[in-house]
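Reading the structure
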Amino acid sequence: MEHIFELIKNYGSQLSAIGAAIAFIFAIYKFQVERAASHFWKEFEAYHKLVKELVEPPSENGALYIDRQTAAIYELRFYKRYYSHSLRMLKGLRDKWIAVPNQFPRLIEELNLTIEYIEKKL
C-alpha cells in the first residue's frame, strides 16, 4: 500500500495527464460512435423515403409524377451502402415499366443511366 502512495506522490501529475488523455480519447470515441449511428439512421430514413417517392403514388388513386420519379432514381446513386438492393430494385422496375405501353422514355432513360452508374461502382 505504501508503494502505491509513493508512486502517486512521485508520478501524480503524469498519472493525472494519462487519466485525462484516456478520458478525452474515450469521449472522442463515444462521440464518433454516436455520430455514426445517427448518420446510419438518417441515411436509412432518407433512402426509404426516396424508394417510397419512386414507387408509391401520392394518394390512393393519384398518378406518379415523372420528374419526381426521375429525381428519386438519380438520387439513389448517392446511397452506396444500398447499391446492391437499388440495382435489383431498379432492374425489376425497368422490366416492369418497359412492359407498360407508352411509358415515359425519360423514366426508362434515367433508370438505365442509374443502373449503369451503380454497376460501374460495384
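The structure reproduced in this document is the subject of the present report.

Calculation rules
- Residues numbered from 1 in each chain as written.
- Predicted model: local features only at pLDDT ≥ 70, side-chain atom pairs only at ≥ 80, totals over all residues.
- Heavy atoms only, no water.
- Axes fitted to C-alpha atoms, helices over the stretch in contact; angles between N-to-C directions.
- Helix = DSSP H or I, 4+ residues; strand = E, 2+ residues; numbered from the N terminus.
- Left-handed = near helix turned anticlockwise from the far one by under 90°.
- Contact = heavy atoms within 4.5 Å.
- Nonpolar A, V, L, I, M, F, W, Y, C, P; charged D, E, K, R; others polar.
- Parallel < 35°, antiparallel > 145°, perpendicular 65-115°, else oblique.
- Core = buried A, V, L, I, M, F, W, Y, C linked by side-chain atoms within 4.5 Å.
- Buried < 20%, exposed > 50% of the residue type's maximum accessible area, 1.4 Å probe, protein only.
- Arc of directions from axis to C-beta.

The next thing to look at is the packing of helix H1 (residues 2–55) against helix H2 (residues 66–75). For the pair H1 and H2, the least separation of the axes is 8 Å and the interaxial angle reads 145°. Like other packed secondary-structure pairs, H1 and H2 cross with a definite hand, here left-handed. Along its contact with H1, which presents Leu-50, Glu-53 and Leu-54, the element H2 presents Arg-68, Gln-69, Ala-72, Ile-73 and Glu-75. Residues that form the contact of H1 with H2 fall into these classes: four nonpolar, one polar and three charged.

At a closest axis distance of 9 Å, the pairing of H2 and helix H4 (residues 105–121) adopts a crossing angle of 5°. As judged from the angle between their axes, H2 and H4 are roughly parallel. Along its contact with H2, which presents Ile-66, Asp-67, Gln-69, Thr-70, Ile-73 and Tyr-74, the element H4 presents Arg-106, Leu-107, Glu-110, Leu-111 and Thr-114. Taken together, the residues that form the contact of H2 with H4 break down as five nonpolar, three polar and three charged.

Turning next to the nonpolar core. Within soluble globular proteins, side chains that are nonpolar tend to cluster in buried spots. Counting 21 residues, the largest nonpolar core has Tyr-47, Leu-54, Ile-73, Leu-76, Met-89, Leu-90 and Trp-97 as its most contacted members. Looking at this core, the elements that each hand over two or more residues are H1, H2, helix H3 (83–98) and H4. Setting aside residues no more than four positions away along its own chain, Trp-97 makes contact with Leu-54, Gln-69, Ile-73, Gln-103, Leu-107, Ile-108 and Leu-111.

Here we come to H2. For H2, the set of buried residues is Ile-66, Gln-69, Thr-70, Ala-72 and Ile-73. Projected onto a plane normal to the axis of H2, the buried residues spread over an arc of 160° and lie on a single side. The inward-facing, buried residues of H2 contact H1, H3 and H4.

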